[in-house]
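Residue strings, one per chain:
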Amino acid sequence: MTTRSLSVRARRAALPVALCAGLATAVTACSSDPDEGTNGVGKLSATDIEGKARTAADGADAVHLSGTLVSKGGSYRVDMRLKGTGATGTVTSKNSTFGLLRVGDELFLKADAGFWSHKDKGGDPGSAAAGRQLDDKYVKVPSGDPSYQELRGFTDKSALLKGMLGLQGELSKGDRSKVGEVRTIRVKAGKDGEGGTLDVSLQGTPYPLRFERAGGAGVLELADWNQDFALAPPSKDATVDYGRQLPKT
């Protein structure tokens, strides 16, 4: 038998093996479950997925929320750690950045000298000196001050999540994706998600991990669910009395 005939016979023998291997791969791919190894919420309806996400969020003791918020009052960049008893973090608006700390009902605002000087610009000639005094110090916001409720809104976990995670319109299921390294399923509201989109974790508890608000009103990421963090009022030497109505932020 010649070398050429042996080569032909080897190729003929290999062909069925290759075909079988390819067929097996195709069958495996077609029968694979995209929700294998997940918490199973990807199999639910869009309405049920959103319900599971809301229940998970409401039941969590803490969360780290960050991203952008766009409203009639302007655009804000928020980075807050929130829990039932208070919150800590920063808020950045068009003209300034300030820190917020809430412990129970006590609310504190902290900003640099530029923040206070900018707020007093064109007013008190001593504003620069006052700004230096307040620089990087906590100012307690009186509960009767007009700014109290506005600022507290950034620190209230329940109210913040309820107000921000609302989807507007008929819900539908979107694609499976990832937020960071976590597999997710997307819920869309309205046509092509114009009423907002919510990415829900397919791993472990079905927490909401990313929310794109309707009408381009901002994108938020939610992480560190149920991870507790320390909260305590600032020390007396780190706190200064502003002595009058706080400026609008």
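Here we summarise the structure given alongside this text. (Residues numbered from 1 in each chain as written. Predicted model: local features only at pLDDT ≥ 70, side-chain atom pairs only at ≥ 80, totals over all residues. Heavy atoms only, no water.)

Moving on to the nonpolar core. Leu-65, Val-78, Val-91, Phe-98, Leu-100 and Trp-225 are the most contacted members of the largest nonpolar core, which totals 49 residues. With 5 residues, helix α2 (residues 46–59) is the largest single contributor of residues to this core. Among residues more than four places away in sequence, those in contact with Leu-100 are Met-80, Ala-87, Thr-88, Gly-89, Val-91, Phe-108, Leu-109, Leu-151, Phe-154 and Thr-155. (Core = buried A, V, L, I, M, F, W, Y, C linked by side-chain atoms within 4.5 Å. Buried < 20%, exposed > 50% of the residue type's maximum accessible area, 1.4 Å probe, protein only. Helix = DSSP H or I, 4+ residues; strand = E, 2+ residues; numbered from the N terminus. Contact = heavy atoms within 4.5 Å.)

With that out of the way, let us pick up unusual backbone geometry. In the Ramachandran plot, Asp-192 falls in the positive-phi region, its phi being about 55° despite a non-glycine side chain. Following the sequence through the fold, Asp-192 ends up in the loop between β8 (182–189) and β9 (197–201). Among the residues examined, Asp-192 registers a relative accessible area of 67% and is labelled exposed. With a phi close to 55°, Asp-224 is a non-glycine residue in the positive phi region. Take Asp-224: it is sitting in the segment after β11 (219–223). Judged by relative accessible area, Asp-224 falls into the partly exposed class, the value being 27%.

Take the sheet that holds β8 next. The 11 strands are arranged β6-β5-β4-β3-β2-β1-β11-β10-β9-β8-β7 in an open sheet whose pairing can be described as antiparallel. Of all strands in the sheet, those bounded by a partner on one side alone are β6 (137–140) and β7 (171–179). Taken over all neighbouring pairs, the strand axes of this sheet differ in orientation by 20° on average, direction set aside. Here 4 bridges tie strand β5 (residues 106–111) to β6, and the two strands are oriented antiparallel to one another. Counted as the bridge partner of Leu-109 is Val-139 from β6. Sheet strands in contact with α2 are β7, β8, β9 and β10 (208–212), and its direction is about 55° off that of β7. (Pairing = 2+ DSSP bridges. Axes fitted to C-alpha atoms, helices over the stretch in contact; angles between N-to-C directions.)

In this section: the pattern of salt bridges. Summed over all chains, the structure comprises 9 salt bridges. Notably, a salt bridge pairs Asp-105 with Arg-152, separated by 3.0 Å at the nearest N-O pair. Here Asp-105, found in the loop between β4 (97–103) and β5, pairs with Arg-152, found in helix α5 (residues 146–152); they are 47 residues apart in sequence, far enough to count as distant. The class of Asp-105 is exposed, set by a relative accessible area of 57%. (Salt bridge = Lys/Arg side-chain N within 4 Å of Asp/Glu carboxyl O.)

What follows deals with the pairing of β8. Here 7 bridges tie β7 to β8, and the two strands are oriented antiparallel to one another. Across the sheet, residue Ser-172 finds its bridge partner in β8, namely Lys-188. Bridge analysis of β8 against β9 gives 5 bridges, and the strand direction is antiparallel. Bridge pairing in β9 links Lys-188 to Thr-197.

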